[in-house]
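The primary structure of each chain is shown beneath.
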Amino acid sequence: MTTEDNFPVDLTSSFKAYDVRGIVGETITTASVRAVGAAFVEVLGIKGQTVLVGGDMRPSSPGFSQAFAEGATSRGANVQLLGLISTDELYFASGALQAAGVVFTASHNPAEYNGMKMTRAGAVPVSSETGMTEIRDLAQQYLKDGIPAAESEAGTIGQTDVLKAYSEYLRKLVDLTGSRPLKIVVDAGNGMAGMTTPAVLGDALLPGLPFEIIPLYFELDGTFPNHPANPLEPANLVDLQAAVVEHGADIGLAFDGDADRCFVIDELGAPVSPSAVTALVARREIARAKLAGEEHPTVIHNLITSRAVPELITHDGGRAVRTRVGHSFIKATMAEEGAVFGGEHSAHYYFRDFFNADTGMLAAMHVLAALGEQNGPLSELGREYEPYVSSGEINSQLADVPAAVARVRAAYTREDVTVDELDGITFSAKDGSWWFNLRASNTEPFLRLNAEAEDAVTMADIRDAVLELVRR
């Protein structure tokens, strides 16, 4: 028994809406992970079935993987340890092998964190609405009373490596062999893309592609010695932007810690917005689906992606479906609608051919394919998908979020503005010249603003007027 096993852990502090994240040794411990492994098998009803368990490069991931496996096998499941994996490798394995699983990761959180992303067989997500709350409560009971003895034989623990199969699968979905030669800078942020990039885009496991890959921070290191593995923050893209310009590269790619998100930098060192990437990939997936006989392929986008996204989907003969922010909503809607693709402003990209799950690498491959099949630079290609001006997401820390929203509602409830409350509150000019959305954070005293307009002056005017009301 380790020291951390000697005190109780309140699991409500680490169980979120659709994953688990906590501070190692405090809110997530070996004992709590073992209890969650046992509860996972019980709640999902998968005794006698295979459970896939892997983890990222954080120092605590191997120990937590072993503890989860012990808990799962104690309730009669058979565990296959996947070793070091990215989050989308788990989704691939869960879909391809039709097995439930867990990956230990805290994504872009600092080094002292770890956590769990769980999936049912077929990469169907486990969220607070689909079993996570029950897993939490049963694990809490096991922590208090002990994990009961197995009613039958305990399960077995084996090992499986899925990296090559994952790489081969992605290469079948996007054929990059005919691309023009490209020079690509990849910032892995010391995260799992340092392993998956050489496997998928390089020649570590498969024949080489017509790419020169310039690596930044490929060493797997869960202490993140160079910069946080969160490319959503502009400060964490600075090294990549400089390297793209320095090397005269065609494109830069930045992945988060568990490599399920990808951000794109053009040859000038400027970010390509996730909305533009969503539109670009949507165009390719709509065309492919129509070639296969689908009349109006469905594409999902969340409500704060650019207005250009649904406009392009409709223009290309697809059907655009707008949804709330958050991967559990996107994945559920993907399944319900039979959507071919889904994109979010946060650089999560979901593919029907990838079990409705999100994968940063597959999105990157689509961008590389689009760039490599024509001769123009990425900055020129990207402009086609970014006709509007966006504010990006702006957070305001407030003592009274509802009061701030009420002030904005009062100011913008008028005849020339439409209002909807799908997620937070969205105000849109009836002439189409601008829109903005306000969403309260579920976990922090923040109000998030996203605004977009036809030109920079209008966007700045709307952004500044709303912020003045919010922060009054």
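The structure under discussion appears in the preceding block.
So, how was this worked out
- Residues numbered from 1 in each chain as written.
- Predicted model: local features only at pLDDT ≥ 70, side-chain atom pairs only at ≥ 80, totals over all residues.
- Heavy atoms only, no water.
- Buried < 20%, exposed > 50% of the residue type's maximum accessible area, 1.4 Å probe, protein only.
- Helix = DSSP H or I, 4+ residues; strand = E, 2+ residues; numbered from the N terminus.
- Pairing = 2+ DSSP bridges.
- Phe/Tyr/Trp six-rings, centres within 6.5 Å; stacked < 30°, edge-to-face > 60°.
- Axes fitted to C-alpha atoms, helices over the stretch in contact; angles between N-to-C directions.
- Parallel < 35°, antiparallel > 145°, perpendicular 65-115°, else oblique.
- Left-handed = near helix turned anticlockwise from the far one by under 90°.
- Contact = heavy atoms within 4.5 Å.
- Nonpolar A, V, L, I, M, F, W, Y, C, P; charged D, E, K, R; others polar.
- 1 Å grid on protein atoms, 1.4 Å probe; cavity = no way out; pocket = protein on both sides within 12 Å on 5 of 7 lines; lining within 4 Å.
- Points joined across faces, edges and corners; volume = space filled by probe spheres on them.
- Salt bridge = Lys/Arg side-chain N within 4 Å of Asp/Glu carboxyl O.

Q: Any chance you could explain the pairing of strand β5 (residues 113–120) here in plain terms?
A: Look at any regular strand and the pattern is simple: side chains alternate between the two faces of the sheet. The element β5 is largely enclosed, with a buried count of six among its eight residues. Pairing geometry for strand β1 (residues 20–23) and β5, over four bridges, is antiparallel. For Ile23, the partnering residue across the bridge sits in β5 and is Tyr113. Note that strand β4 (residues 100–104) and β5 share four bridges and pair antiparallel. If you follow Val103 over to β5, its bridge partner there is Lys117. Across two bridges, β5 lies against strand β6 (residues 124–125) in antiparallel orientation. Considered in β6, the bridge of Arg120 is made with Val124.

Q: So what exactly am I meant to see when it comes to the packing of aromatic side chains here?
A: Here a ring pair, both rings aromatic, is described through the centre-centre distance and the interplanar angle of the planes. Enumeration over the complete set of coordinates arrives at 15 aromatic pairs. Aromatic side chains Phe341 and Phe351 sit 5.0 Å apart centroid to centroid with 50 degrees between the ring planes, which places their arrangement in the tilted category. Placement of Phe341 in strand β15 (residues 341–343) and of Phe351 in strand β16 (residues 349–351) is noted, with a sequence separation of ten residues between them. For Phe341, a relative accessible area of 0% corresponds to the buried category.

Q: Explain unusual backbone geometry to me, please; I cannot follow it from the model alone.
A: Excluding glycine, a negative phi dihedral is what most residues carry, and trans is how most peptide bonds are arranged. Here Tyr217, not a glycine, exhibits a phi torsion of approximately 55 degrees, which is positive. Of note, the phi angle at Phe224 is positive, near 50 degrees, even though the residue is not glycine. Looking at where Phe224 falls in the secondary structure, it is placed in the loop between β9 (211–216) and α7 (238–247). Of the residues examined, Phe224 reaches a relative accessible area of 11% and is grouped as buried.

Q: What's the story with the packing of helix α13 (residues 401–412) against helix α14 (residues 456–470) in this structure? I'm lost.
A: When two helices pack together, their arrangement is given by the angle between the helix axes and the distance between those axes. Their axes nearest at 8 Å, the elements α13 and α14 cross at an angle of 130 degrees. Classified by the interaxial angle, the pair formed by α13 and α14 is oblique. Handedness of the crossing formed by α13 with α14: right-handed. Only Ile462, Ala465, Val466, Leu469 and Val470 of α14 make contact with α13, whose side of the interface consists of Ala404, Arg407, Val408, Ala411 and Tyr412.

Q: I'm lost on the sheet that holds β15 in this one. Help?
A: Two pairing modes exist for strands in a sheet, parallel and antiparallel, and in both the strands are linked by backbone hydrogen bonds. Spatial strand order, β14-β13-β15-β16-β17: five strands in an open sheet with mixed pairing. Each edge of the open sheet carries a strand with a single partner, namely β14 (319–323) and β17 (357–358). Where β16 lies against β17, two bridges are found, and the strand directions are antiparallel. Bridge assignment links Phe351 to a residue of β17, and that residue is Ala357.

Q: Where do I start with the packing of helix α8 (residues 274–291) against helix α9 (residues 308–315) in this structure?
A: Two elements in contact, α8 and α9, have axes whose closest approach is 9 Å; the angle formed by their N-to-C orientations is 15 degrees. Regarding the angle of α8 to α9, the classification is roughly parallel. Handedness of the crossing formed by α8 with α9: right-handed. Contacts between α8 and α9 involve Ser275, Thr278, Ala279, Ala282, Arg283 and Ile286 on the former and, on the latter, Val309, Leu312, Ile313 and His315. Of the residues assigned to the contact of α8 with α9, the class counts are six nonpolar, three polar and one charged.

Q: Explain empty space enclosed by the protein here, please?
A: One way to see where empty space is left: roll a probe the size of a water molecule over the atoms. By the definition in use, this model includes two cavities of 30 Å³ or more. Here the largest cavity defines a volume of roughly 40 Å³. For the largest cavity, the full set of lining residues is Tyr18, Asp19, Tyr91, Lys117, Met118, Pro125, Val126, His327 and Lys331. Elements represented by at least two residues in the lining of the largest cavity include exactly β5 and α10 (327–337). Of the residues belonging to the lining of the largest cavity, the class tally is five nonpolar, one polar and three charged. Computed from the structure, the second largest cavity encloses a volume of approximately 30 Å³. Residue lining of the second largest cavity: Val264, Val272, Val277, Leu280, Val367, Leu378 and Gly382, and that is the complete set. Broken down by secondary-structure element, the contributors of at least two residues to the lining of the second largest cavity are α8 and α12 (378–383).

Q: I keep staring at the pattern of salt bridges and nothing clicks. Help me out?
A: Tallying each qualifying case throughout the model produces 27 salt bridges. A salt bridge links Glu294 to Arg352, with the nearest nitrogen and oxygen atoms 2.3 Å apart. Remark: Arg352 occurs in the loop between β16 and β17 and Glu294 occurs in the loop between α8 and β13 (298–302); sequence separation between them is 58 residues. Taking the relative accessible area as the measure of exposure, Glu294 reaches 27% and is therefore partly exposed. Given the relative accessible area of 29%, Arg352 is considered partly exposed. It is possible to trace a salt-bridge network through shared partners that takes in Glu42, Lys47 and Arg75.

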